[in-house]
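Now for the letters of each chain:
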Amino acid sequence: MPRVAIRLDVIERNARVVTQACGSYGVGVFGVTKGACGMPHVARAMLRGGVIGIGESRYENIRRLRRSGLDCPVLLLRSPPLSRADETVRLADISLNSELEVIEELSRAAERRAKVHDVILMVDLGDLREGVWPDDLMWTVERVLALPGVRLVGIGTNLTCFGAVLPSEKNMGELAGYAASIEETFGVGLSYVSGGNSSSLPFLLEGRMPPGVDNLRIGEAILQGGRDTFFDQPWEPLDRDAFLLTGELLEVKVKPSVPIGETGVDAFGGKPVFEDRGLRPRGILNIGREDVAVEVLLPVDPGVRVLGASSDHLIIDVADVRPLPKVGDTVGFHMGYAALLAAMTSEYVEKDPMYDQVPPAPRSVRVVGDPQLMALVPGLPEQLAKLGFGEPGGDESGGDELPLRLGDGRVEGVADAYGLIRLSATVGEVGLAAERPAAEGLSPENTVLVGLREAGPEESAFIKENGLAAYTIVDIDIRGIREVMREAVRTAKAGTRGFVVVYDASVTGADGISARETHQAMELIAASGGMLGLQVIGLNSANAAQITAFILSGFGRTIL
Ligand SMILES: *Cc1c(COP(=O)(O)O)cnc(C)c1O
C-alpha cells in the first residue's frame, strides 16, 4: 500500500507559527482539518499549537473528532443542508450560514434539543461562492436575531475560492464595517469577524488586515506549510513537510520514452503526448489515480519525473536519480492540496501519524502506590536497577522517569499524546477513554484492551461507540499473543509519543492467558520501547513474586 506519513510535530509547530502571527494582529484561528479528513491526531496537534477550535466541512469527520473525545468548539464550514439541520445542531457548535430558511430550521432543531446553536452569517464580498449579498445583510440579521434556537456570533466571508478574489483593504474593510454596523444597529456583540482562509495570511502578514477582522479559518498553511498559499515566496517559518507520500517500486526497467505502435486514447480518455528522449530507466510505483491527484505530486528527489499514471500505477522517469533505484525501493512525494485530500480520503492509502521528536525512553522508574503493596515487592527497585533503570532524581534531564503505579489510581506524570494498552479480563473503569478525556492526552483510537473475558452490554456498546481496539481471550486463542500484541503496540503508538500499560492480574490464569503468554506480552512491550508508564492492579501476597517477574519482562529482562 502507498503510505502517507504525517508528522504531528510539524503540524503543531506550523499551527503555533500561524496562531502567534495572527495573535499579534488580534486575530484568532480556527484550525481546519478537512485536508486531513478530520483525523483526530491532527486536530489535537493543531489545538496544542494554539488554535481556538476546529473547522471541518464533513459531518463524518466531525463525528470522528467527537468520538475521539474532542470537546473544543467545532465549526461546520460547509453550508448545512436543510435536510441535515438536526445533525448540524447535534455535532457542531457553530456553523457558517447564508440561507435564512436553513437558519430557521437550525433554530427549530436546536429548540427540539433544548440547545442554542451558534451561527456565523456569511457575506458574499464578490467571490460568488456562499454568502448573503450585502444589500440583504441587515434585514437577514434582524430575522436571525429573532430566532430563539440560534445565536448570531459573527459574520464571515470566503474569498479565493470560486471567483479567486483576493483579500484587500476594500473587501476586508467592508466586512469589518458590516460587523460594526450590526453591533451598533442591533446592540449585539459579535465574537467572530471571520475574514477567510489561508489565502488571507499573506495579506495579514503585510500588516494590511483592518483591525475589525478578528478571525481566520486556516487549513492549508498549517497542514502544508502554505505550499499553495505562499506559492511563489514561501513563508520561511512554516514547514512544508508535514505529509509525505511514499510508494514502492514494482518495476524498474530501461524502456523507450515513446510508445511503440499506433496510439489511441488512454484509460482515462486522454490523448497522451510523448517527448522522445531515447532509452530511459523508468519505474512503476504502486500509487494510482485511485489514491491521489497525480498532477500535483512533487517528487522529493529532484531526479524523479512523473510521466503519467493509471488507476493503480504511477510511471516515473528515474534516469537522473543517483544511485539508480531498484525494485522494492520507496519513492517519496510531497503533495499539492488536491493530492493530499485524495490520499487522505483513499482507503487504499495507509496513514501513519507520527512524532519526529519522540522523547528519549525513560531510564529511571518512580514506584508509587499504597505502601502495603510496595512492601509486597521489596526487591523490585534493585532488580530494575540491574536492568539499567535507576531510581529517579539521579538524572539531570528530569522528565524522563517512568511512573510505575501499584494499585488503583491514575498514572500521573505521563507526557501528552499517549496511548493505552490495558491487559485485563474486564473492561473496568480505570483507563477507559471516558475516564481520561482527550484533553488529558489519551484518545480512544489509541486505546487497546487485551485479554477480555467478560463485558456487559453497556461496556460492549462503549467499546464500539468509541472505536476502542479490543482483543478478547478468543482472539488471542485464534491469533496468538504475539500477533495481538504487535497490533496492540502499533495501535497504541500510532500518532502518540508512547503508551501507558495497565496490567491487571485478572488477565493471567487458568481461564485467561498463561504466565508464559503474559511474559511474551510484556517482552513485546519492552521491545517496542514505547512504554511511558505502568500500572499494576490486583497485586497480592500470593502473586507478588510472579507479578514482579512480569514487570521485569516489561522492562526488558531476558533470560540471557
Ligand atoms: C476549507 C475552508 C477553509 C480553509 O481553507 P484553507 O485554504 O485550507 O486554509 C476556510 N473556510 C471555509 C469555508 C472552507 O471551506
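The name given to the protein chain in an unreviewed UniProt entry is Alanine racemase, with the source organism recorded as Actinomadura barringtoniae. According to the UniProt record, the Cofactor (unreviewed entry) comment for the protein chain is "pyridoxal 5'-phosphate".

Strand E6 (residues 117–122) sits mainly inside the fold: six of its six residues count as buried. Strand direction decides the pairing type here: strand E5 (residues 94–97) and E6, joined by four bridges, are parallel. Note that in E6 the partner of Ser95 across the bridge is Val119. Assessed by its sense of winding, the connection that carries the chain from E5 through helix H5 (residues 100–112) to E6 is right-handed. As paired strands, E6 and strand E7 (residues 150–156) are joined by six bridges and run parallel to one another. Counterpart to His117 in the pairing with E7 is Val150. Once you follow E6 into helix H6 (residues 137–145) and on to E7, the crossover reads as right-handed.

Another aspect to go through is empty space enclosed by the protein. If you walk through the whole model with that rule in mind, you get one cavity of 30 Å³ or more. Taken as a whole, the largest cavity encloses approximately 70 Å³ of empty space. Around the largest cavity, the lining is made up of twelve residues, and of these His41, Arg44, Tyr355, Ala417 and Gly495 lie nearest the centre. Only helix H2 (40–48) and strand E20 (442–452) provide two or more residues apiece to the lining of the largest cavity. Taken domain by domain, the makeup of the lining of the largest cavity includes at least three residues from each of domain 1 (7–223) and domain 3 (364–554).

Next up on the list: the site of the ligand. Lys34, Ser198, Arg217, Gly219 and Glu220 are the nearest of the 13 residues found near the ligand. A distance of 2.9 Å separates a nitrogen atom of the ligand from a polar atom in the side chain of Arg217. Considering the ligand on its own, with 390 Å² of exposed area, one finds that the protein chains cover 90% of that surface. When the residues that make up the shell around the ligand are grouped by side-chain class, the tally is five nonpolar, four polar and four charged.

Contact pair helix H15 (residues 481–493) / helix H16 (residues 515–528): the axes reach a minimum separation of 10 Å and the direction vectors enclose 35°. Regarding H15 and H16, the two cross each other, and that crossing is right-handed. For the pair formed by H15 and H16, the contact residues are Ile481, Arg482, Met485, Val489 and Lys493 on the first element and Glu517, Gln520, Ala521, Leu524, Ile525 and Ser528 on the second.

Calculation criteria
- Residues numbered from 1 in each chain as written.
- Predicted model: local features only at pLDDT ≥ 70, side-chain atom pairs only at ≥ 80, totals over all residues.
- Heavy atoms only, no water.
- UniProt positions renumbered as here; feature names shortened; annotations may be inferred.
- Buried < 20%, exposed > 50% of the residue type's maximum accessible area, 1.4 Å probe, protein only.
- Helix = DSSP H or I, 4+ residues; strand = E, 2+ residues; numbered from the N terminus.
- Pairing = 2+ DSSP bridges.
- Right-handed = clockwise from strand over helix to strand, strands pointing away.
- 1 Å grid on protein atoms, 1.4 Å probe; cavity = no way out; pocket = protein on both sides within 12 Å on 5 of 7 lines; lining within 4 Å.
- Points joined across faces, edges and corners; volume = space filled by probe spheres on them.
- Domains from an automatic or database assignment.
- Near = heavy atom within 4 Å.
- Polar contact = N/O pair within 3.5 Å; in protein donor to acceptor, adjacent residues only side chain to side chain.
- Areas by Shrake-Rupley, 256 points an atom, 1.4 Å probe, with all protein chains shown as cover.
- Nonpolar A, V, L, I, M, F, W, Y, C, P; charged D, E, K, R; others polar.
- Axes fitted to C-alpha atoms, helices over the stretch in contact; angles between N-to-C directions.
- Left-handed = near helix turned anticlockwise from the far one by under 90°.
- Contact = heavy atoms within 4.5 Å.

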